[in-house]
Amino acid sequence: MDDLVQEFIAETRETLDALASELVLWEQDPQDSERLASIFRFVHTVKGSCGFLNLPRFERLSHAAEDVLAQVRDGRREASAALVDAVLAVIDRIGELIIVMETGEALPDGSDADLIAALGRSDEPLEIAQPKAAPLPDDARGAARRQAIRSIRVPLDLIDHLMNGVSDMVLARNEVARCLRDEQNGASLDNAFERLSACIADMRDAIGQTRMQRIERIFSPMPRLVRDLCADLGKQVDLRTSGNNVELDREMIEMIRDPLTHIIRNSIDHGIESPAARRIIGKPETGRLNISARQSGNQILIEIADDGRGIDTDKLMSRALTSKVRNAAEINALSERARLELIFAPGLSTADSVTAVSGRGVGMDVVRSNIERIGGSIDLENNPGKGLRVILRVPLTLTIIPCLTVRAGGQEFAMPRSAIREILFDTNNQVRIQQVGGCDLAHIRGECLPYVALETLLGLELNPDPSSSYRTIITVNAASDLRYALGVEEVIDHEELVVRPGAPVIMADGLYAGTTLPDNGRPMLLLDPLGLAHRAQLNERGRLDPSTGEDAQATPVPDGGSALLFRETSGDLRLIALSAVERVEDVSTDRLAIAAGQVRVSIDGESRPVIGLSAVPAESHVKLLHLTDGRMQLMYSVDDVIDIVRLPAKVEPAPRPGLVGGIALLGDLQLEVLDVHWIFSSQGGAPSESERPACRLIGQDDPWTRNILAPLVAAAGYRPILTSADADDDGVDAVISIIVGDAAPAPVALRGQIIRLSDSISSTGQDCDTIYRYDRAALLGRLIAGQTRQAG
Amino acid sequence: MNNLYLIAVIAGETVALPTNQVDSVVKVRESVPVPSAAPFISGLFALRSRVLTLIDCQFFVTGEPIDLVPGQPAIVVNIGGCSYGLLVDDVLDVVQMTGQAMPLPGQLPAGWSDIGRGLLQVADATYLMIDPEYLVNPSTRRAA
């Protein structure tokens, strides 16, 4: 509660500062309706906030001022100089009280009856009484104030500026990275650069975080608000919130706080009936109010649903007539929906009487303009007599969204990955595209989806000479009940992009959800999957195939999970657990090489073994499965990926452990299932450095020891440690110690085995622990024997 | 009161823009088109880490979209919290003007009268003062 009060203070102070000039202008020209409206809004906001913060003094003041201002606005009263003075006196008093609150003191007693009475009179000039707070010495007041302020409100401009600065740094970093790649530089520079990169990445994350907040922040004061409103109005309401952990831009949180409060007030004041009335019409005495938030693609949906009486459109129309918002002819021409939307007209209210809570007709118009200002929308679902559902849609801006970048018509676009279900090639024989009645349908594994090419939707030319002979089909989940297949030239990559709203003229189309700047520095548009569906007029057609999907999921058959069906380079069909496959990639053969007896690929800045290839193939590209166990990465070469299938619950185990772990029966086909564990255990390479046994190399730190002996020891699976002969025991428990040279003395205390490497062949054979330095077989034999003993 | 105006060339004619709406003047190397957007949108371009919308000023006057020449100047304006680049042929000068803007003459062709807000007199030259807010979102004024 304390921080809410703090926020109220900060907010009111800010608005007061901003209002100061408006007040002066209004004083000069009391007829200026625009100034009047902004002052009115301020007073209204103060009234609203202090209503649930329990600040009755503020509430009385603002309520009185609002009354008068409403009369002026409606033309029932002249804005005389005395009236302006009285309003200004009220606003001044609010400012003074705010300062008192800020010092952390209790509000001084004292009624503001003088000011409120002054508002009632309109003619004679008034004497404004000084506030009754005992004047504090200035320095004491300043000290108290310093204590009270614990949080800083950072202007969004500043945060934006920081964000831009960091983005600039990222771009600069990329530039440096390019330079470094092109010209070989020292390792130290690389390291420093790595640090810088990590630092920048961290900072970008941190700054991005400062803008994100849980929607809980607005939801948590709601119960209190509802409780107080119910107490005031004599109603009973059961409030439920869900989706508290949905994250939203801080700016968005600020922007939707007031609209949400307004809607809730309206619901309780006008929507939900009194317990007695509810009893009569057979509803439970306690009304229900559900507030839920969820993320849907690139929007946040906030739903406020009550089970009250809904909006009475007839009453709304008669109000519109009497308040002259619309004339009779206009109203009669309106559709039912447009009539409902009259609720958003300024100066209109369905409340029968003006209460302290609502009913002045400020509210829904402000609500809508606030929501629209942030690029959102507000929808009403009116159910007269049964309830009202208000749906706020606000965009996700300045959020980092995982995206797929695609190419269409020679241009690149981003698509939020959350909406993408599957990516297929149209050469896949599971996909069939067919024209039916002028529109294309894609049959994908028995499911029938509307199919559109992205180029057609955007009015681009289909690339007549595509680099590849096939197109890529993305199946998109635009909404819970709206799916379609989108054809693009190709899918390029998967990236996390910082998305910002585009200019209104671009966003107006609904095709785009924002703009982004990927690392290559060319701006990219983020597509809105739902907007694309609207453009393709998919909504009207409804769902094409309601039987698949949901029904199958409703009665799940226990099975072995999903598996990828693929063709080996040898031509055999095999299966691999889908969870082990991170992605499928076409890799240029240029990046393959035979190294250390294996075909290896250079990818993502690493060299990784490729399984399933014994030589670099002649084709220009190979298809590789990226396998991962969450830590290690392996590549598995395949001829083609065929399908995703469900594995049967029972997989017959293979008789011998190996690449093939079992046999699965799919229909009549017996298919080999790869043993992912075996692949990783056999190909995973040596254990990491620290897990290997130590081998101490004793002698001079000469090139032979360092460059010839140490690598051999390392290759045998040891961790070589170079020490000089007279060094103290450094705490390393070496399994084997190798003394290099005949002359080097043997240290006194040595644990484990000791081997002496002799410089000359003649001195060997004196005892079995002395080996000639180039007797490779004997040396390796000892090392391997030592390791097996260690393992045993 | 700031009486400085930026003098630029649109479709071969010199026009004036109030400098209090101008952020900077930049050179645009390349832009990315926005498919199916309004024809006066030339594309998007990157200014450091920001993405700006490039407005084709010439289109309003001639109805012909301009071809971006790499390095062509654009006037960066910030309207409604969004930054735009107004693509112009050239940027000439900043001048100080005194006196009031004169109303538009009636015989202006449609394109010019849409983007113009008044005439400005400086020394012996008269400039058409154009309205950046109209350029970045023409629908707002038509609706009003």
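Scroll up to find the structure this text is about.
Residues numbered from 1 in each chain as written. Chains lettered and ligands numbered in written order. Predicted model: local features only at pLDDT ≥ 70, side-chain atom pairs only at ≥ 80, totals over all residues.

### Quick notes on the overall build of chain A
Looking only at helices and strands, one finds 23 helices and 35 strands in chain A. By the burial criterion, 30% of the 792 residues in chain A qualify as buried. Counted over contacts in chain A with a minimum sequence separation of 6, partners at least 24 positions apart contribute 61%. (Helix = DSSP H or I, 4+ residues; strand = E, 2+ residues; numbered from the N terminus. Buried ≥ 20, exposed ≤ 12 C-beta atoms within 10 Å, placed from the backbone. Contact = placed C-beta atoms within 7 Å.)

### Considerations on the overall build of chain B
Within chain B, the secondary structure is distributed over 4 helices and 10 strands. Listed N to C, the secondary structure of chain B is β-β-β-β-β-α-β-β-β-α-β-β-α-α in terms of helices and strands. For chain B, the residues scored as buried account for 34% of the 144 residues in total.

### Section: the sheet that holds strand β6 (residues 72-79) of chain B
Residue and element names in this part refer to chain B. Pairing in this open sheet of 5 strands is mixed, and the strands run β3-β6-β7-β5-β4 from one edge to the other. In this open sheet, the two edge strands, each paired with only one partner strand, are β3 (22-28) and β4 (41-47). Each adjacent strand pair in this sheet contributes to an overall mean axis angle of 35 degrees, direction not counted. Where β6 meets strand β7 (residues 82-87), 6 bridges bridge the pair, whose relative direction is antiparallel. Considered in β7, the bridge of Asn 78 is made with Ser 83. (Pairing = 2+ DSSP bridges. Axes fitted to C-alpha atoms, helices over the stretch in contact; angles between N-to-C directions.)

### Some points on the pairing of strand β5 (residues 299-306) of chain A
All names here are of chain A. Two elements, strand β4 (residues 287-296) and β5, share 8 bridges in a ladder whose sense is antiparallel. Considered in β5, the bridge of Arg 294 is made with Leu 301. Across 8 bridges, the pairing between β5 and strand β7 (residues 387-395) is antiparallel. The residue of β7 that forms the bridge with Ile 300 is Val 394.

### Side note on the sheet that holds strand β19 (residues 562-567) of chain A
Residue and element names in this part refer to chain A. Taken in spatial order, the 6 strands make up an open sheet running β27-β19-β20-β30-β29-β28, and their pairing is mixed. Single-partner strands in this sheet number two, and they are β27 (640-646) and β28 (652-653). Relative to strand β30 (residues 669-674), strand β20 (residues 573-577) runs parallel, the two being bridged by 2 bridges. Bridge assignment links Leu 575 to a residue of β30, and that residue is Val 673.

### Overview of the interface of chain B and chain A
Counting from both sides, the interface comprises 21 residues of chain B and, opposite them, 22 residues of chain A. Elements that contribute at least two residues to the side of chain B that touches chain A include exactly β4, β5 (50-56) and β7 of chain B. No other element matches the 4 residues that β4(B) contributes to the side of chain B that touches chain A.

### Side note on helix α3 (residues 56-73) of chain A
Residue and element names in this part refer to chain A. Its 18 residues give α3 an end-to-end C-alpha distance of 25 Å, which sits within 8% of 26 Å, the value for a rise of 1.5 Å per residue. Among the residues of α3, Phe 58, Leu 61, Ser 62, Ala 64, Ala 65, Glu 66, Val 68, Leu 69 and Val 72 are the ones counted as buried. One or two residues past the end of α3 sits Gly 75, with phi positive at roughly 75 degrees. (Expected span 1.5 Å × (residues − 1).)

### Examining the nonpolar core
By size, the foremost hydrophobic cluster in this structure holds 84 residues, and its most contacted members are Met415(A), Tyr484(A), Leu486(A), Leu527(A), Ile55(B) and Leu86(B). Among the elements that make up this core, the one with the highest residue count is strand β8 (residues 399-408) of chain A (5 residues). Not counting chain neighbours up to four residues away, the residues in contact with Ile55(B) comprise Phe40(B), Ile41(B), Ser42(B), Tyr84(B), Gly85(B), Leu86(B), Leu87(B), Leu135(B) and Val136(B). By size, the runner-up hydrophobic cluster in this structure holds 36 residues, among which are Leu229(A), Ile263(A), Ile268(A) and Val367(A). (Core = buried A, V, L, I, M, F, W, Y, C linked by C-beta atoms within 7 Å.)

Don't take any of this as a statement about function, it's just geometry.
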